[in-house]
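Residues per chain, in single letters:
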Amino acid sequence: MKSAISIVLAYFVLCIPSTLAFEDIDNSWYKDSILELKDAGLVSGYGDGRFWPDDNVTRAEILSIILRSADIDISDNWGELCFPDLDEGSWYIPYVCYAAENDISNWYTDGNFKPNGPVSIIESLAFVTWVFELEVEKNDANFNWFDDYISFADEEKIIQNNSYTKNTLGKRGQVSEIITRAKKLSEWQTLDYKSQWCAWNNTLGANNAMIINGTTRWYLLELPKNYNSDTSYPLVIWLHGRTNSNEMVQDYMWLMGWGRRWVDAQNVITAYPAGL
């Protein structure tokens with residue numbers, strides 16, 4: 001009996017991972033952006049050597065990172081607290097009060113700011129467009145105030161609109177990517193969804209190796225006939241059990257013969273992790 005097969009689709013180009021600065025971002029989709037912020041001195045993680053990319057980012061944290069990323073000079077002398085729920089002497093006071101004074105962030109109906117509270121993806125988009133002065137076109141046909149930000153972020157490749165909902169909270173890793181991409185857009189850089197390491201890793205071939213727990217493992221690739229390292233392709237990953245030989249699975253999955261023509265016709269990259 002043929003073993004079960006799963007097909008996973010993802011729009012990215014296979015790239016070599018970077019040297020990691022935090023021990024818990026190896027499998028994070030956002031490690032490139034996290035490292036960019038780390039290298040710029042904008043994030044430092046926690047004392048345990050971890051970044052915790054899947055934890056919620058707080059309202060104070062995101063304002064601090066965005067404002068410093070934009071190289072905005074912020075005074076430490078704010079006198080009275082701008083919100084009653086801010087802790088006197090806290091590190092975040094200059095950032096929160098600057099954002100409030102410059103209409104970057106709002107407060108809750110009870111007059112509090114809730115600096116340690118979570119922030120949604122949509123709020124994150126509003127913050128970065130305001131701070132980086134990105135021009136968001138107003139569409140009167142949109143019913144919700146945030147629809148313009150969603151459309152803008154999707155069109156400009158800051159974040160795809162099918163990757164979150166209006167209630168999705170921003171995680172530290174994902175927000176790192178939103179911030180770095182918005183900053184690049186403000187610098188007139190063209191955005192895409194490739195890893196930064198794709199710039200030099202352009203030698204994909206049939207047999208490729210990766211190291212897992214110190215052991216070299218091989219995976220097979222089928223590339224489109226007119227493969228171009230500057231182009232993004234859908235990636236089809238074929239997974240199976242260990243009840244069949246590699247040759248049988250490759251034949252069953254059309255990785256040879258007719259499958260070669262299918263890869264060309266669909267313009268996709270197929271990966272078969274043999275031996276994993």
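Cut-offs applied
Residues numbered from 1 in each chain as written. Predicted model: local features only at pLDDT ≥ 70, side-chain atom pairs only at ≥ 80, totals over all residues. Heavy atoms only, no water. Disulfide = S-S within 2.5 Å. Helix = DSSP H or I, 4+ residues; strand = E, 2+ residues; numbered from the N terminus. Buried < 20%, exposed > 50% of the residue type's maximum accessible area, 1.4 Å probe, protein only. Phe/Tyr/Trp six-rings, centres within 6.5 Å; stacked < 30°, edge-to-face > 60°. Lys NZ or Arg CZ within 6 Å of the ring centre and 35° of its normal. Core = buried A, V, L, I, M, F, W, Y, C linked by side-chain atoms within 4.5 Å. Contact = heavy atoms within 4.5 Å. Polar contact = N/O pair within 3.5 Å; in protein donor to acceptor, adjacent residues only side chain to side chain. Salt bridge = Lys/Arg side-chain N within 4 Å of Asp/Glu carboxyl O.

Peer 1: What exactly am I supposed to notice about the state of the cysteines here?
Peer 2: Covalently bonding the sulfur atom of one cysteine to the sulfur atom of another cysteine gives a disulfide. For the structure on display, the rule yields 1 disulfide. Covalent S-S linkage joins cysteine 82 and cysteine 97, the inter-sulfur distance amounting to 2.1 Å. Taking the torsion about the S-S bond as the criterion, the cysteine 82 to cysteine 97 disulfide, at about -90 degrees, is left-handed. Residue cysteine 82 is located in the loop between helix H2 (59–69) and helix H3 (93–101), and its partner cysteine 97 is located in helix H3; the two are separated by 15 residues in the primary sequence. Taking relative accessible area as the criterion, cysteine 82 reaches 32% and is therefore assigned partly exposed.

Peer 1: What's the story with the packing of aromatic side chains in this structure? I'm lost.
Peer 2: The geometry of two aromatic rings is summed up by the distance between their centres and the angle between their planes. Under the definition given, this model contains 9 aromatic pairs. Residues tryptophan 91 and tyrosine 92 carry aromatic rings whose centres are separated by 5.6 Å and whose planes lie at 80 degrees to one another, so their mutual orientation is edge-to-face. Here tryptophan 91 and tyrosine 95 contribute two aromatic rings whose centre-to-centre distance is 6.4 Å and whose plane-to-plane angle is 55 degrees, an arrangement assigned as tilted. Clustering of aromatic rings is evident, with ring pairs tying together Phe127, Trp130, Trp145, Phe146 and Tyr149. The ring of phenylalanine 113 has arginine 59 sitting right over it, with the charged end atom 4.2 Å from the ring centre.

Peer 1: Can you walk me through the nonpolar core in this structure?
Peer 2: Most often, soluble globular proteins keep nonpolar side chains buried together rather than apart. The biggest cluster of nonpolar side chains holds 52 residues, and the ones touching the most others in it are Ile62, Ile66, Ile104, Leu125, Ile158, Ile159 and Ile179. Contributions of two or more residues to this core are made by helix H1 (31–39), H2, H3, helix H4 (121–131), helix H5 (147–155) and helix H6 (172–186). Every residue in contact with isoleucine 62, bar those within four places of it in the chain, is listed here: Val57, Val119, Ser124, Phe127, Val175 and Ile179. Listed in part, the 8 residues of the second largest apolar core include Tyr219, Leu221, Leu235 and Ile269.

Peer 1: Help me understand the side chain of aspartate 148, please; the structure alone is not making it clear to me.
Peer 2: Along the chain, aspartate 148 falls in helix H5. On the basis of relative accessible area, aspartate 148 is assigned to the buried category, the value being 8%. Side chain to side chain, aspartate 148 and asparagine 142 meet in a polar contact 2.5 Å long. Filtering out sequence-adjacent residues up to four positions away, aspartate 148 remains in contact with Val136, Glu137, Lys138, Asn139 and Asn142.

Peer 1: Hey, could you run me through the pattern of salt bridges in this one?
Peer 2: Any two side chains of opposite charge can pair if their charged atoms end up close together. All chains considered together, the criterion is met by 6 salt bridges. Close ionic contact of glutamate 36 with lysine 184 constitutes a salt bridge, the shortest N to O distance being 2.9 Å. Highlighted residues: glutamate 36 in helix H1 and lysine 184 in helix H6, separated in sequence by 148 residues. The exposure class assigned to lysine 184 is partly exposed, which follows from its relative accessible area of 24%. Of the charged contacts, one joins lysine 138 and aspartate 148 as a salt bridge, the two residues approaching to 4.0 Å between their closest N and O atoms. Within this pair, whereas lysine 138 is found in the loop between H4 and H5, its partner aspartate 148 is found in helix H5, the two being separated by 10 residues in sequence. Residue lysine 138 is classed as exposed on the basis of its relative accessible area, which comes to 61%.

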